[in-house]
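So the chains spell out like this:
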Amino acid sequence: MNDHAATLVVPVLTIDGPGGAGKGTISGLVAERLGWHLLDSGALYRLTAQAAVKHNVAVDDELELARLAEQLDVSFPVEDGQPRTLLEGEDVGQIIRTEQAGERASQVAALPAVRQALLQRQRDFANLPGWWLTVVTWERWSFLMHRSRFFLTASADERARRRYLQLQEAGVDASLSSLLKEIQARDARDTQRSVAPLAGR
Ligand code: DC
């Protein structure tokens, strides 16, 4: 067998798009339907930001944040059919889904050293035994993989409305106009950062 034939080609289907478009919902349904593993790269940025809060690291301390990202102790076990997100053994599934956590994730995601560290983490996941088939939110994979990429988007108004309804359903007080402002600020940061800016093509 030559080197090329020995290379494991992991089939990857990627779903990218701005915050609040429904990437999580859709990728979860697709992964379940296909029986593929799901890797949510946005969750890794959210977890890095959460680790920063936990360890009192400032959101602009690039070197220390990259170190946290490299060593991030995370796991995604499924218990009683429910996916959980553990950071250093603590269930942070809910806390990393808040608007504030999304905002912090967007800030740390703008730092090149953090992106580099998390890209490596994503590659490590895809190389785990059994990760033949993977659905991820999009990152610039620079290694050999079969890839199909989808870009899921909706207007900022629609995403704010969707988020508002989700929060209402969860019994959380929210203001539609502040949600819209937060979404617009996050869009601006994610599309204008210097490294791997969010883009439809
Ligand atoms: O998809 P999400 O809302 O969970 O992502 C949270 C933040 O993480 C988002 O504002 C931008 C960042 N992110 C990124 O920069 N690159 C990715 N591949 C995924 C998320």
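Keep in mind it's a predicted model, so treat the numbers as computed, not measured. (Residues numbered from 1 in each chain as written. Predicted model: local features only at pLDDT ≥ 70, side-chain atom pairs only at ≥ 80, totals over all residues. Heavy atoms only, no water.)

**Remarks on the overall build of the chain**
When helices and strands are counted, the chain shows eight helices and nine strands. For the chain, with 201 residues in total, the buried portion stands at 39%. Sequence-distant contacts, at least 24 apart, represent 74% of the contacts inside the chain between residues at least 6 apart. Per element, the accessible surface of the chain, about 11300 Å² overall, is 52% carbon and sulfur. (Helix = DSSP H or I, 4+ residues; strand = E, 2+ residues; numbered from the N terminus. Buried < 20%, exposed > 50% of the residue type's maximum accessible area, 1.4 Å probe, protein only. Contact = heavy atoms within 4.5 Å. Areas by Shrake-Rupley, 256 points an atom, 1.4 Å probe, with all protein chains shown as cover.)

**Some remarks on the confidence of the model for the chain**
Of the residues in the chain, 84% reach a pLDDT of 70 or more, and the chain-wide mean stands at 83. Here helix α1 (residues 3–6) stands out as the least confident element of the chain, with mean pLDDT 41; helix α4 (residues 62–71) is the most confident, with 97. Confidence drops under pLDDT 50 across residues 1–7; counting only partners more than four residues distant or on other chains, this segment forms three contacts. pLDDT under 50 marks residues 132–136. Its contacts with residues more than four places away, or in other chains, come to 27 contacts. (pLDDT = per-residue confidence, 0-100.)

**Comments concerning unusual backbone geometry**
Where the residue is not glycine, phi is negative for most of them; where a peptide bond is considered, it is trans in most cases. Although it is not a glycine, Asn 56 sits at a positive phi angle of roughly 55°. Structurally, Asn 56 is set in the loop between α3 (41–54) and α4. The backbone of Glu 88 sits at a positive phi, close to 50°, despite the residue not being glycine. Tracing the backbone through its elements, the reader meets Glu 88 in the loop between β6 (86–87) and β7 (90–91). Accessibility expressed as a relative area gives 33% for Glu 88, which makes it partly exposed.

**A closer look at the nonpolar core**
Ranked by internal contacts, the top residues of the largest apolar core, which has 25 residues, are Leu 47, Leu 65, Leu 72, Val 74, Leu 87, Val 114 and Leu 118. Looking at this core, the elements with two or more residues in it are α3, α4, α5 (99–109) and α6 (112–126). In terms of residue count, α3 provides more of this core than any other element does, seven residues in total. Formed by five residues, the second largest nonpolar core is a distinct cluster that contains Ala 156, Ala 160, Leu 179 and Ile 183. (Core = buried A, V, L, I, M, F, W, Y, C linked by side-chain atoms within 4.5 Å.)

**Some points on the environment of Val 92**
Residue position: Val 92 is located in the loop between β7 and α5. Take Val 92: its relative accessible area is 2%, and that puts it in the buried class.

**Focus: the sheet that holds strand β3 (residues 74–75)**
The three strands are arranged β3-β6-β7 in an open sheet whose pairing can be described as antiparallel. Every interior strand has two partners, whereas the edge strands, β3 and β7, have only one. The pairing of β6 with β7 spans two bridges and is classified as antiparallel. Note on β7: the bridge partner recorded for Leu 87 is Glu 90. (Pairing = 2+ DSSP bridges.)

**Quick look at the pattern of salt bridges**
Taken as a whole and assessed by the stated rule, the structure comprises eleven salt bridges. Glu 90 is the partner of Lys 54 in a salt bridge, and the nearest nitrogen-oxygen pair spans 3.2 Å. Placement of Lys 54 in helix α3 and of Glu 90 in strand β7 is noted, with a sequence separation of 36 residues between them. Put simply, Asp 91 and Arg 84 hold a salt bridge, and the shortest N to O gap is 2.9 Å. For Asp 91, a relative accessible area of 40% gives the class partly exposed. (Salt bridge = Lys/Arg side-chain N within 4 Å of Asp/Glu carboxyl O.)

**Re the packing of α5 against helix α8 (residues 176–192)**
One way to put it is that α5 packs onto α8 with a least axis distance of 10 Å and a crossing angle of 15°. Comparing their axes, α8 and α5 come out roughly parallel. Between α5 and α8 lies a crossing of left-handed hand. In this structure, α5 contributes Glu 99, Gly 102, Glu 103, Ser 106 and Gln 107 to the contact, and α8 contributes Leu 179, Glu 182, Arg 186, Arg 189 and Asp 190. Broken down by class, the residue content of the contact of α5 with α8 amounts to one nonpolar, three polar and six charged. (Axes fitted to C-alpha atoms, helices over the stretch in contact; angles between N-to-C directions. Parallel < 35°, antiparallel > 145°, perpendicular 65-115°, else oblique. Left-handed = near helix turned anticlockwise from the far one by under 90°. Nonpolar A, V, L, I, M, F, W, Y, C, P; charged D, E, K, R; others polar.)

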